[in-house]
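Coordinates in review
The chain contents come next:
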Amino acid sequence: MQLPRDEKIKCLYLEGEFIVSIRYYKHKVNLYLLSNSFVEVFYNPKTDRIDQIIPLDFKVKRMKFYTDQISLPRVS
């Protein structure tokens, strides 16, 4: 996560495994698995840009959107 934004994007698309995409407010959020960690990519279709790339926080409310579509491992 310390890489510059363009390098994060390149690394995710080359080495990450796409898991699922959800709609969350104004964003399309793509969930990736990279080196045993989940990463969220917040894409704004209106501006056609990636606004944020962050590690998945399993405590956020949008987890319901993911768990409705896929089975994620439990985290204590």
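Scroll up for the structure.
Here's what I pulled together on the structure shown here. The structure presented is a predicted model; accordingly, all values stated were derived computationally and were not measured.

Right, let's get into the overall build of the protein chain. A tally of regular secondary structure across the protein chain gives 2 helices and 4 strands. Across the protein chain, helices and strands are ordered from the amino to the carboxyl terminus as α-β-β-β-β-α. Expected size for 76 residues packed as a compact globule is a radius of gyration near 11 Å; at 12 Å, the protein chain falls within 12% of this value. If one aligns the C-alpha atoms of the protein chain with their principal axes, the spans along those axes are about 30 × 30 × 15 Å. Each of the 76 residues in the protein chain was classed as buried or not, and the buried ones make up 33%. Sequence separation of 24 or more characterises 28% of the internal contacts of the protein chain that already satisfy a separation of 6 or more.

Under the definition given, this model contains 2 salt bridges. Between E40 and R62 there is a salt bridge whose closest N-O contact spans 2.7 Å. Of this pair, E40 sits in strand β3 (residues 37-44) while R62 sits in the loop between β4 (49-55) and α2 (63-69); the two residues are 22 residues apart in sequence, bridging distant segments of the chain. Between R49 and D51 there is a salt bridge, and its shortest N-O distance comes to 3.6 Å. Looking at D51, the relative accessible area reads 31%, which means it is partly exposed.

About the criteria used
Residues numbered from 1 in each chain as written. Predicted model: local features only at pLDDT ≥ 70, side-chain atom pairs only at ≥ 80, totals over all residues. Heavy atoms only, no water. Helix = DSSP H or I, 4+ residues; strand = E, 2+ residues; numbered from the N terminus. Rg over C-alpha atoms; globule rule 2.2 N^0.38 Å. Buried < 20%, exposed > 50% of the residue type's maximum accessible area, 1.4 Å probe, protein only. Contact = heavy atoms within 4.5 Å. Salt bridge = Lys/Arg side-chain N within 4 Å of Asp/Glu carboxyl O.

So yeah, pure geometry; function would need other evidence.
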